[in-house]
Amino acid sequence: MSSLGERPLFRKPRRLHPDDRVAIISPSWGGPACYPDIYECGLRVLRETLGLIPVEFPTARMSPKQLQTNPELRGADVNAAFADPSIAGIIASIGGDDSVRILPYLSPTLITQNPKLLMGYSDFTTLLSYINSLGNVTVHGPSVMAGIAQAPACGDAYLEHLRSFFFNALSTTSYRPELRYSEGYPSWGVEATLGTTSPPKENSGWDWAQGGTARTAYVWGGCIEVLEFMKGTDFWPERSFFDDKFLFFETSEEKPSPRAVERWLRNYGSQTILNRVQGVIFGRPQKYNAAEREELKVAILKVIVEEYGRADIPIILNFDAGHTDPQSLLPFGISMEIDAERDQIQLVESVF
């Protein structure tokens, strides 16, 4: 079994408590201005179901045009949320497609001196991955409008997963495949379906595309399309950063082709990243049929195993994270153990 050895620890946030204040920001798209009803639904779940106090920062309800025109305002909200001692956590309202533009406006000093729970997914990948590379633990998980608003519809077990993650400083956290999952949501403009998901489907479970020896490493990654926006920028990690990482990728509702994923993965190989990592996890893809999932699997194994020779690392597909519901909360910067022989994926230290 591989070990992380003597490595610098990531800066952890404190765990949340009921009645903690959490900042709501819109660092990407102005979804709350376009669909206020589903946004309010998510805020109610935070308040009434999870017992937190959402605090809307200035960007939260800004129009898409105002946000698109003023990336510095979005960056200022991130900085202000980290600097505010009354704020215990920061959650994205929704994703988008251009949060990479706010990264130059972030203050690494403010962020690293005030670690706190930071959660979102999709285009929020830019913040999660960059701030994790600065040394803070970040959390890949649901946003207010997409995931939190629908959490009660996902069942009591999922609500317990959220509560346990937020409020308990557990020394270990085990992941298990969901029995059912949903892809997307009914129209956010129809009151009768607010907070619901699309009809659930039976889940085939994780796909251990390759086992390998049991390994312990830190997860890093996010939406694979969004990570493409960051390659070659000043916000992309140094090569050595990847030596003790499990790469995590998930695909968006735009459904990139297996061929596109193959080409993106090849770039990770050409950067020597695939030669360095300890394993690869792919989230369950949205809108792929069985044939397309098989094509995606073939493309992934072609690049990682055949072209770059990594027949020694675990490769897991169909993991419960990303653009389907319910999605597990996946922290970046917390030790995770992957053991194919025991069919086990678990965090082996507290998130907080």
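Summarised in this report is the structure supplied together with it.

Calculation criteria
Residues numbered from 1 in each chain as written. Predicted model: local features only at pLDDT ≥ 70, side-chain atom pairs only at ≥ 80, totals over all residues. Heavy atoms only, no water. Helix = DSSP H or I, 4+ residues; strand = E, 2+ residues; numbered from the N terminus. Expected span 1.5 Å × (residues − 1). Buried < 20%, exposed > 50% of the residue type's maximum accessible area, 1.4 Å probe, protein only. Contact = heavy atoms within 4.5 Å. Core = buried A, V, L, I, M, F, W, Y, C linked by side-chain atoms within 4.5 Å. Pairing = 2+ DSSP bridges. Axes fitted to C-alpha atoms, helices over the stretch in contact; angles between N-to-C directions.

On to helix α2 (residues 36-49). Compared with the 20 Å implied by 1.5 Å per residue over 14 residues, the 19 Å span of α2 between its first and last C-alpha is a close match. Among all positions in α2, only Ile 38, Tyr 39, Cys 41, Gly 42, Leu 43, Val 45 and Leu 46 are buried. Buried positions along α2 lie against β1 (21-25), α1 (31-34), β2 (53-56) and β3 (87-92). Just downstream of α2, Gly 51 is the residue with a positive phi angle, here 75°.

Looking now at the environment of Ala 311. The topology assignment puts Ala 311 in the loop between α11 (290-307) and β13 (315-319). Residues within four places of Ala 311 in sequence aside, it is in contact with Gln 210 and Val 305.

Bringing the nonpolar core into the picture now. Within the largest apolar cluster, 103 residues are counted, with the highest numbers of intra-cluster contacts made by Phe 166, Leu 247, Phe 249, Phe 282 and Met 336. Contact partners of Leu 247, with chain neighbours within four places excluded, come to Trp 220, Phe 242, Tyr 268, Ile 273, Leu 274, Val 277, Gly 279, Val 280 and Ile 281.

So, on to the sheet that holds strand β10 (residues 215-223). The eight strands lie next to each other as β6-β16-β15-β10-β11-β12-β13-β9, forming an open sheet whose pairing is mixed. In this open sheet, the two edge strands, each paired with only one partner strand, are β6 (173-175) and β9 (207-210). On average, each strand axis in the sheet is inclined to that of its neighbour by 30°, with strand direction left out of account. Summarising the sheet, β6 and strand β16 (residues 344-347) pair through three bridges and their orientation is antiparallel. Counterpart to Thr 173 in the pairing with β16 is Leu 347. Sitting on the sheet, α11 is in contact with β9, β12 (279-283) and β13, with an inclination near 155° to β13.

Okay, helix α9 (residues 258-270) next. Between its terminal C-alpha atoms α9 stretches 18 Å, which fits the 18 Å expected from 13 residues at 1.5 Å a residue. Those residues of α9 that fall on the buried side of the exposure criterion are Pro 258, Ala 260, Val 261, Glu 262, Trp 264, Leu 265, Tyr 268 and Gly 269. Buried residues belonging to α9 abut α8 (224-230), β11 (245-250), α10 (273-276), β12 and α11. Positive backbone phi, at 70°, marks Thr 272, one or two positions downstream of α9.

Read these as layout, nothing more, since geometry by itself doesn't imply function.
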